[in-house]
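Now for the letters of each chain:
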Amino acid sequence: MGMPASSSRDEATMTIALEHIETTVRGYIDRYPSEGAALAAILETLAKGFDFTSRRRYPAHVTAGIVLVDEQDRVLQIKHGVLGRWLTPGGHCEPEDKSLAGAALRELAEECGVGAEDVERIGGDEALPVHIGVHGIPANDARSEPMHHHFDFRYAFRMLPGATVRLGHEASDLRWTPYAELAAADLADHELPKD
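These figures come from a predicted structure and were not determined experimentally.

Cut-off values and rules
- Residue positions are given per chain, counting from 1 as you read along its sequence in written order.
- Only residues with pLDDT of at least 70 get local features here, since the model is predicted, and only at 80 or more are side-chain atom pairs given and counted; chain-wide, interface and lining totals rely on the full set of residues.
- Side-chain measures here rest on the full set of heavy atoms in the structure, leaving out hydrogens and waters.
- For every residue, the predictor assigns a confidence score, pLDDT, that lies between 0 and 100.
- Only DSSP runs of H or I reaching four residues or more are called helices, and only runs of E reaching two or more are called strands; each is numbered from the N terminus.
- Every residue pair with non-hydrogen atoms within 4.5 Å of one another is taken to be in contact.
- Simply put, an axis is a line fit to the C-alpha atoms, just over the touching stretch for a helix, and the angle between two N-to-C directions goes from 0 to 180 degrees.
- We call two directions roughly parallel when the angle between them is under 35 degrees, roughly antiparallel when it is over 145, roughly perpendicular when it lies between 65 and 115, and oblique otherwise.
- In this scheme the crossing of two helices becomes right-handed for a clockwise turn of the near helix relative to the far one and left-handed for an anticlockwise turn of less than a right angle.
- As a working rule, the residues Ala, Val, Leu, Ile, Met, Phe, Trp, Tyr, Cys and Pro are called nonpolar, Asp, Glu, Lys and Arg charged, and the rest polar, with Gly in that last group.
- Burial classes follow relative accessibility: with a 1.4 Å probe on protein chains only, a residue under 20% of its type's maximum area counts as buried, one over 50% as exposed, and anything between as partly exposed.
- Stacked, edge-to-face and tilted are the three classes for Phe, Tyr and Trp ring pairs, Trp counted by its six-membered ring, which pair at centre distances within 6.5 Å; planes under 30 degrees apart are stacked, over 60 edge-to-face, the rest tilted.
- Strand pairing requires that DSSP identify at least two bridges connecting the strands.
- Multiplying 1.5 Å by the residue count of a helix minus one yields the expected span of that helix.
- Counting of polar contacts relies on pairs of N or O atoms within 3.5 Å, with two restrictions inside protein: one atom must be capable of donating a hydrogen and the other of accepting it, and residues adjacent in sequence are counted only when both atoms are side-chain atoms.
- Note on terminology: a nonpolar core comprises buried Ala, Val, Leu, Ile, Met, Phe, Trp, Tyr and Cys residues joined through side-chain atoms within 4.5 Å.

Visitor: With reference to specific residues and values, describe the confidence of the model for the protein chain.
Guide: On average, residues of the protein chain score 87 in pLDDT, and 92% of them reach the 70 mark or higher. Within the protein chain, the lowest mean pLDDT, 88, falls on helix α4 (residues 179-186), and the highest, 97, falls on strand β5 (residues 119-121). Note on residues 1-12: pLDDT is under 50 here. Beyond four places in sequence and across chains, it has 24 contacts.

Right, dumping it as C-alpha cells:
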C-alpha cells in the first residue's frame, strides 16, 4: 500500500464508528476463519487508529455494497462507467451514513433507483456482510486519486416483489447473474445466507 496516510481529516466528520467496523470484521472472521489473513490489512489499519471511512483517506478506505438477490437467486450487477467492469452496486461512505449497511443501501438507491423500502436484509437486520474483500484500485489522475485499496463490505439483500431497477449515471448497463456463479468468482464461494 506504499503511500503515506492522509494527514488531514475531512471537514465533515464521518459517523460510522471504527468500533462498528472492527466488530463487523471480527464477526466475519469468526464465521470465515480462512479469510483472516486476507483481511489482516483492515485489522492492522484499525489498530493504528486510522479513520478510513472517508473516500479521501489513503492508502485505503472503506466502501459498502449490496449483493441484491431476486426471487430466482440471481444477483444484480451493474457495468461501472469509470472502471468498465461488472460489479455489485456499492461505493464510498458519506458523512451522513450511520452504518456500513446504511451506506450500502444509499448507494443502491443512487446507482439503481432501488430504495430501502424495496428490499429486505437477508439474515435479519444484524446479519454480517456476505463478503468482505480488499481490492486494489488504480490511480485516477482526473480525480487526483492515487492507487489505493478499498476495504469492501457487501451485504445481502433480497428485492421485494414489484420493485424495479432504474440505472443511475454511474452505470451503463445491468445484468442478473446466478448467485452460485457469482459466489464462486467473486464472493469467496460463500453460500447465500438464509432469509
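Okay, back to it.
Visitor: How would you summarise the packing of helix α1 (residues 18-31) against helix α2 (residues 40-47) if you had to cite specific residues and measurements?
Guide: Working note: a packed helix pair is described by the angle between its axes plus the distance between those axes. One can describe the packing of α1 onto α2 by two numbers: an axis separation of 11 Å at closest approach and a directional angle of 150 degrees. Judged on the interaxial angle alone, α2 and α1 are roughly antiparallel. Judged by the sense of rotation from one axis to the other, the crossing of α1 with α2 is left-handed. Note on element contacts: α2 touches α1 through I42, L43 and L46, opposite L18, I21, E22, V25, R26 and I29. Its residues placed into classes, the contact of α1 with α2 shows seven nonpolar, no polar and two charged.

Visitor: Can you lay out the side chain of D51 for me, pointing to particular residues and giving the numbers?
Guide: Among the structural elements, D51 can be located in the loop between α2 and β1 (60-69). Owing to a relative accessible area of 15%, D51 belongs among the buried residues under this scheme.

Visitor: Residue-level account of the packing of aromatic side chains, with values.
Guide: Scanning the model with the defined rule gives three aromatic pairs in all. Each ring, one from Y28 and one from Y32, has its centre 4.8 Å from the other, and the planes form 55 degrees; the classification is tilted. Neither Y28 nor Y32 differs from the other in exposure class; each is buried. Residues F50 and F52 carry aromatic rings whose centres are separated by 6.5 Å and whose planes lie at 80 degrees to one another, so their mutual orientation is edge-to-face. We note that F50, like F52, is buried.

Visitor: Which residues make up the pairing of strand β7 (residues 148-159), and what are the values?
Guide: By the criterion of burial, β7 is predominantly enclosed, with 12 of the 12 residues buried. In terms of strand pairing, β5 meets β7 through three bridges, oriented antiparallel. Within the sheet, the bridge partner assigned to V119 lies in β7 and is M159. Sheet topology places strand β6 (residues 131-137) next to β7; seven bridges connect them, and they run antiparallel. Bridge assignment links V134 to a residue of β7, and that residue is F151.

Visitor: Describe helix α3 (residues 100-112), and please don't skip the residues or the numbers.
Guide: With 13 residues, α3 should reach 18 Å at 1.5 Å per residue; the first-to-last C-alpha distance of 18 Å fits that figure. Here α3 has its buried residues at L100, A101, A103, A104, R106, E107, L108, E111 and C112. The distance from a side-chain oxygen at the start of α3 to the backbone nitrogen of G102 is 2.9 Å, and the residue carrying that oxygen is S99.

Visitor: I'd like a description of the nonpolar core, backed by residues and values.
Guide: Most often, soluble globular proteins have nonpolar side chains that are buried together. Membership of the largest hydrophobic core comes to 37 residues, with the highest contact counts inside it found for I21, V25, I42, F52, L68, L100 and F153. Breaking this core down by element, the ones donating at least two residues are α1, α2, β1, β2 (74-80), α3 and β7. In terms of residue count, α3 provides more of this core than any other element does, six residues in total.

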